[in-house]
4 protein chains.
Amino acid sequence: MKAGIVGANGYGGAELIRLLTNHPSVQVEMLISHTTQGEKVETLYPHLSGILEKPLEAFDADVLAERVDVVFFATPAGVSKELLPKCLKRGLTCIDLSGDFRLKDPSEYETWYHKAPAAAGQLADAVYGLPELNRRQIESAHFIANPGCYPTASLLGLAPALKDGALEKGSIIIDGKSGVSGSGRKAATGNLFSEVNESVKAYKLGTHQHTPEIEQEMAAISGYRQSITFTTHLIPMTRGLMCTIYANLAKGYSTREFIEMYRHFYKKSPFVRIRPLGTWPATKEVAGSNYCDIGLHVDGRTRRLTIVSVIDNVVKGAAGQAIQNLNMMQGWEETTGLRYTPIYP
Amino acid sequence: MKAGIVGANGYGGAELIRLLTNHPSVQVEMLISHTTQGEKVETLYPHLSGILEKPLEAFDADVLAERVDVVFFATPAGVSKELLPKCLKRGLTCIDLSGDFRLKDPSEYETWYHKAPAAAGQLADAVYGLPELNRRQIESAHFIANPGCYPTASLLGLAPALKDGALEKGSIIIDGKSGVSGSGRKAATGNLFSEVNESVKAYKLGTHQHTPEIEQEMAAISGYRQSITFTTHLIPMTRGLMCTIYANLAKGYSTREFIEMYRHFYKKSPFVRIRPLGTWPATKEVAGSNYCDIGLHVDGRTRRLTIVSVIDNVVKGAAGQAIQNLNMMQGWEETTGLRYTPIYP
Amino acid sequence: MKAGIVGANGYGGAELIRLLTNHPSVQVEMLISHTTQGEKVETLYPHLSGILEKPLEAFDADVLAERVDVVFFATPAGVSKELLPKCLKRGLTCIDLSGDFRLKDPSEYETWYHKAPAAAGQLADAVYGLPELNRRQIESAHFIANPGCYPTASLLGLAPALKDGALEKGSIIIDGKSGVSGSGRKAATGNLFSEVNESVKAYKLGTHQHTPEIEQEMAAISGYRQSITFTTHLIPMTRGLMCTIYANLAKGYSTREFIEMYRHFYKKSPFVRIRPLGTWPATKEVAGSNYCDIGLHVDGRTRRLTIVSVIDNVVKGAAGQAIQNLNMMQGWEETTGLRYTPIYP
Amino acid sequence: MKAGIVGANGYGGAELIRLLTNHPSVQVEMLISHTTQGEKVETLYPHLSGILEKPLEAFDADVLAERVDVVFFATPAGVSKELLPKCLKRGLTCIDLSGDFRLKDPSEYETWYHKAPAAAGQLADAVYGLPELNRRQIESAHFIANPGCYPTASLLGLAPALKDGALEKGSIIIDGKSGVSGSGRKAATGNLFSEVNESVKAYKLGTHQHTPEIEQEMAAISGYRQSITFTTHLIPMTRGLMCTIYANLAKGYSTREFIEMYRHFYKKSPFVRIRPLGTWPATKEVAGSNYCDIGLHVDGRTRRLTIVSVIDNVVKGAAGQAIQNLNMMQGWEETTGLRYTPIYP
């Protein structure tokens, strides 16, 4: 199977290359970039020297249709909305890593992304690609909206308890902490080493565009819509994302019971690992891998559940999950090309 | 005025030295250490070469009484409980940076610190030294229990809203994020660079010893006791501490009204800075200084207040606050020797 | 093929596990640890949960001989010297990642390691396992002394020029820069995050134990012995090692000629990559991989060559190289199980 | 005394503000910025809130002449060359932190900076402001070319040995290692956290513009000109700079003798500290301070001297040294406003 990557100059694109060059059934055939077209990818990313050396080309749906079978869009918000439908029309399998097709309600996209949304029909076509929760739909899909990094960690952390009805409606608070790679390779003062190092910074309070995505998919799990409080923080690290999730309990479960519930819920999900009682994950423990590790704690004093959910934002939060989706769409083993042990230390 | 520092080999002790060597009215006279006694402080801390060169001596209350006027205890839990009363008896002014005298209820100390508490009478003598909230008591004190780092950021972040009755009882969640220096200079695998770097880790869920301290002082502000959910995270940075605090609103204030309330509350507190609407602090913006910076946000969708409160854990969370307390006890200008502009970047 | 890892609780051991769990022809069968024996490896290293869950066992050469075919020693200096000969005697293939068998002259080991050396006969048996330079010997070996991290980067950086006679004898200076993981997982004050972060530190000037190893192997390349100046620095990063090497030119080559010479020299070495004119590598560009990237520069003003050589100290500087050696000893493709694209960013 | 800062939006400017707000005899009166003019400095740098709140203004030499006594230029190369002469003409004391007036030979500026040089007459007027080496000239100066960060650490490290004639001509190699703040606050991909963290990168081999500055001032010390090999590396830290300097010995001194020579040479220099035998400095040990710490080692095997010299690049390598120069020009105590103990950890 041959793949094209649109936005190959960004971190998401580079990570797709890293993972796909080791995938037994996929070959990276075409790299597409708007801003650095004409350059060679190994000039932009010397770590690819001798591994994948290719020019960055312009986007052309006809050329893509001739040369590849699947197209990954690792583009900033607002781009795939324009380009992806042209690929769909030509029968290409499409996986969009951006937020353009995740929100089913176009007005929500407009509100939170401050851009014109994709056409409603196209939004309806896209399957929300969170494999652990949406298995059947993904297996028969040809067009995937790959989840955001915060939604991935949040939803995997919440799903079992939410589905069980164990959480009090309206009580959910998500405290997100992300490494800097989530902001991409764009030169921005706020992402300079000297600004970020030795600092934690809270940002986008009440306005983060992943908020409606989390709420939409929480509703898909629980059957009702609720608002969450979602706060994001920039952490002085490159990769890694943690969501610390707080919720009031609607049922009197103990930590031990939650752990059991979660293990049962994810027993067929090879990439979700539930930590034993009294231990909680660190982001480093999933670095470079497609795992989502989850730790749980019920505070007896406040009857509140705390969920700690970690991923590598570039893998399970982006490129790895996209490939997991491709595997499932193709009927391959879900873990194909993704059996990376986390890099530690 | 002459000062002795017990625990001068730790980070708290080293920071007291940094700050006191620039204090116009205090002279560091005696450095005391249990484990490194006999060594020179400039061997342990070459950054002090040519600035303060002194041997580390053994603790002896009589010698202290002869040579110094004030004793700072920058010792691990369980130490000052034994040593400090001997200094008090000899009429020395005492400032304890450890947790030994902060909890008024000895059984709480036992529960959370897993050690025998100080005598109840001594606990009653200690004044909780959070200058912004406890000004009058501190001014007439001779024995200060210097607040913990998380309590400092949490209480300064909560006080105005709590005092106003603006927060729904029982709804308060504190998500704490701290740099590694908070764990001190003790060699521990968990604090090795290779373990901490490129990682966020949740730790001590439901068991952090600062929990009862925060609850005790919250009660002193609001007039009633309530339980909080308090979760702490280790961040890959040396200095800096952030508390992101969540609470349901009991009154219908806007962000703007909270900002005004906070500015009014702290108008005579030179070390508390309230951020303008739509901006929130980063820990780097207080690095090396005694400031506590606070940002506020009311989420209209969930009627919840988010408070972002940052300090340098070694300064306002420890040594700086101790000196601020000393200044107030001595009737000096509160900011004496503490007018450090944060180091940026 | 079944493998045992002695010292599985250290970083070298953990990395062998990471790499071997993805190796098509090797299975990790036995984990051995002196200090943490009885514990489960996934407790020490939660990142291995669900990937390799095994108890850490005591060393017993007979048990090893029954259960495994190859033994990796990822032990501190002085350990494999005692244990490895027992495995050799039982016919096991042995790969030693420590320095115990690298120096052919026992008195040098004594001088630089301050320990009693291995028996001279055993030293003679060990093949120095730098695959790019020692291919034939390795292919017929059953006992490998795996090179140190600094020697790997230094020797790969020097070999082509040294062999050519292009460098003035006695003029070679190696300025080494290493991440902290090189010091292992032992709790030591000097490796605490708070000590290392935001700092570069020079250490072991004139006394680093890798000095005689580099000189011994340089002599093997050039045919004569010379002393080098070798200085090492601790860099605030976990993985990564750079040697910046300086030498006076004995021949009038240009940078371009050196690049050509190096490319030719390494044309059959899949893990060595020579950078194009005017560019030099960063350690991040080989992170998590077995590559050694080399950049070159001839300064026309001083007639001096500067060589910049980078590796991931835990991979090409330790566990990856050990597996590369195993591959060659077994007659497998050199890159088997090692085709990792560097993780970037 | 009233000061104006041109380039107040950059890191050099921000550091001048940090240091001058604590200076007893200088008041920051005017902040000038080309790109962010009209904004408030506390918006760009929230850490200055409540400390210095001022608008950034346009450059106007007449206004400056009315309102200030001294002007600091913390501007990119090529700017002060145009603006500073206008201030000189109006009788203002000028301190230039950029490289525009450091090279006495205009053709060297052109060669290394790739820009048109300042007029030769103006170059002659500027006093090279390395206080420890140039005391008398600085005391009577009104126009200072403040040294670069690498030259400061290099020259202080070399001066005593060079002056003594202890070093073999033509043998000097400087391996420089710098934190990222040296590159300023400009958004550039190469300085993004995700690019720099967990990486060491060699850059500008053979072309760094500080090369001729070091050579020029070495010649001023030794009486003859020689070429050096100078290589620079980007280190994943914000502040801190180390030069590891290698030279062949022309005289048979021991390490101990060099230490004595250096201590004698700098005995009246309060900001230079020579480390005891067998210890070498780390950059963290001077962080936030104006110190330059130097460690020495003679390698008996190669008869080579290694000098390890560290500074905080933003303080002794820029703003702190500028103020030290001002102090000396004004006849104030050299350390006025600069008695900062390094921040550790």
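Residues numbered from 1 in each chain as written. Chains lettered and ligands numbered in written order. Predicted model: local features only at pLDDT ≥ 70, side-chain atom pairs only at ≥ 80, totals over all residues. Heavy atoms only, no water.

Draft legend 1. Focus on the overall build of chain A. When you go through chain A residue by residue, the secondary structure sums to twelve helices and 14 strands. Taken over the C-alpha atoms alone, chain A extends approximately 60 × 45 × 40 Å along its principal axes. Taking all 345 residues of chain A together, 68% fall into the buried category. By sequence separation, contacts in chain A at least 24 residues apart represent 69% of the contacts at least 6 residues apart. Positive and negative side-chain charges of chain A, numbering 36 and 35 respectively, have mean locations separated by a distance of 4 Å. (Helix = DSSP H or I, 4+ residues; strand = E, 2+ residues; numbered from the N terminus. Buried < 20%, exposed > 50% of the residue type's maximum accessible area, 1.4 Å probe, protein only. Contact = heavy atoms within 4.5 Å. Lys, Arg positive; Asp, Glu negative; His and termini not counted. Charge placed at Lys NZ, Arg CZ, Asp CG, Glu CD.)

Draft legend 2. A look at the relation of the copies chain D and chain A. Its rotation angle being 180°, the transformation that places chain D on chain A also includes 0.0 Å of axial translation and leaves an RMSD of 0.0 Å. The transformation relating the two chain copies, once decomposed into turn and shift, fits a two-fold axis. The overlap is high: 100% of the interface residues of chain D also sit at the interface in chain A, so the same surface is used on both sides. (Least-squares fit on C-alpha atoms with pLDDT ≥ 70 in both.)

Draft legend 3. Region of interest: the packing of aromatic side chains. Under the definition given, this model contains 36 aromatic pairs over all chains. Relative to B:F230, the ring of B:Y150 has its centre 5.2 Å away and its plane inclined at 80°; by these criteria the two rings are edge-to-face. Of this pair, B:Y150 sits in helix 8 (residues 149-164) while B:F230 sits in strand 10 (residues 229-234); the two residues are 80 residues apart in sequence, bridging distant segments of the chain. Judged by centre distance (5.2 Å) and plane angle (85°), the ring pair of D:Y253 and D:F258 falls under edge-to-face. Against the face of A:Y291 rests A:R273, its NZ or CZ located 3.9 Å from the ring centre. (Phe/Tyr/Trp six-rings, centres within 6.5 Å; stacked < 30°, edge-to-face > 60°. Lys NZ or Arg CZ within 6 Å of the ring centre and 35° of its normal.)

Draft legend 4. Geometry of the interface of chain D and chain A. Contact with chain D, which involves 19 residues of that partner, is made by 19 residues of chain A. Around 1,600 Å² of area is buried between chain D and chain A when both sides are counted, 57% of it from carbon and sulfur atoms. Area buried by chain D at its contact with chain A is led by D:L192, D:F193 and D:S194, which between them contribute 41% of it. Our count for the chain D to chain A interface comes out at two salt bridges. With its nearest N and O atoms 2.9 Å apart, the salt bridge here joins A:E195 to D:R185. (Buried area = accessible area lost by both parts, 1.4 Å probe. Salt bridge = Lys/Arg side-chain N within 4 Å of Asp/Glu carboxyl O.)

Draft legend 5. Focus on the domain arrangement of chain A. All names here are of chain A. Entries for chain A in the domain assignment read domain 1 (2-147 + 316-330) and domain 2 (150-312). Here the C-alpha centre of domain 2 lies 24 Å away from the C-alpha centre of domain 1. Counting from both sides, the interface comprises 24 residues of domain 1 and, opposite them, 33 residues of domain 2. For the pairing of domain 1 and domain 2, the buried interface totals around 2,200 Å² over both sides, and the portion due to carbon and sulfur atoms is 55%. If you look at where domain 1 meets domain 2, you find three salt bridges. Of the charged contacts in the structure, one is a salt bridge between R102 and E213, with a shortest N-O distance of 3.1 Å. Of all the elements in the fold, those that place two or more residues in the side of domain 1 that touches domain 2 are helix 1 (11-20), helix 5 (106-113), helix 7 (131-139) and helix 12 (315-330). Looking at the side of domain 1 that touches domain 2 element by element, the count peaks at five residues for helix 12. (Domains from an automatic or database assignment.)

Draft legend 6. Just the interface of chain A and chain B, in detail. Taken together, the contact between chain A and chain B spans 49 residues of the former and 49 residues of the latter. Of the roughly 4,000 Å² buried at the junction of chain A and chain B (both faces included), carbon and sulfur atoms supply 52%. Summed over the three residues of chain A that lose the most area to chain B, namely A:E198, A:L205 and A:R301, the buried surface amounts to 16% of that side. Joining chain A to chain B, the criterion identifies four salt bridges.

Draft legend 7. The arrangement of the relation of the copies chain A and chain B in detail. Superposing chain A onto chain B takes a rotation of 180° combined with a translation of 0.0 Å along the rotation axis, leaving an RMSD of 0.0 Å. Interface overlap between copies is the fraction of interface residues in one copy that are interface residues in the other; for chain A against chain B it reaches 100%, indicating a shared surface.

Draft legend 8. Quick peek at the sheet that holds strand 6 (residues 127-128) of chain A. All names here are of chain A. Read across the sheet, seven strands follow the order 3-2-1-4-5-7-6 without closing on themselves; strand pairing throughout is parallel. What marks the edges here is a single partner per strand, and that holds for strand 3 (56-57) and strand 6. In the packing of helix 1 onto the sheet, contacts are made with strand 1 (2-6), strand 2 (27-32) and strand 4 (70-73), and the angle to strand 1 comes to roughly 160°. (Pairing = 2+ DSSP bridges. Axes fitted to C-alpha atoms, helices over the stretch in contact; angles between N-to-C directions.)

Draft legend 9. Looking closely at the pairing of strand 14 (residues 304-311) of chain A. Residues and elements named next belong to chain A. Most of strand 14 sits inside the fold, with eight of its eight residues counted as buried. Burial along strand 14 is two-sided: the face carrying R304, T306, V308 and V310 and the face carrying L305, I307, S309 and I311 are both buried. Note: strand 11 (residues 241-248) against strand 14, eight bridges, orientation antiparallel. Looking at strand 14, one finds that T244 is bridged to V308. The pairing of strand 13 (residues 292-299) with strand 14 spans eight bridges and is antiparallel. Bridging across to strand 14, H297 finds its partner in T306. Connecting strand 13 to the next strand, strand 14, in antiparallel fashion are four residues, including R303 with a positive phi near 55°.

Draft legend 10. Highlighting the nonpolar core. Formed by 204 residues in total, the largest nonpolar core has its most connected members in A:F72, C:F72 and D:F72. Every residue in contact with A:F72, bar those within four places of it in the chain, is listed here: A:A3, A:G4, A:I5, A:V6, A:L16, A:L20, A:I95, A:L97, A:A322, A:I323 and A:L326. Core analysis: the second largest hydrophobic core is formed by 40 residues, A:A153, A:A161, A:L249 and A:V298 among them. (Core = buried A, V, L, I, M, F, W, Y, C linked by side-chain atoms within 4.5 Å.)

Draft legend 11. The arrangement of unusual backbone geometry in detail. B:P345 follows B:Y344 through a cis peptide bond whose omega is 0°. Here B:P345 shows up in the segment after helix 12 (315-329). At A:R303, a position not held by glycine, the phi torsion is positive, near 55°. Positionally, A:R303 belongs in the loop between strand 13 and strand 14. Under the relative-accessibility criterion, A:R303 is labelled partly exposed at 35%. One non-glycine residue, C:K204, lies in positive phi territory at about 50°. Within the secondary structure, C:K204 is located in the loop between strand 9 (201-203) and helix 10 (210-222).

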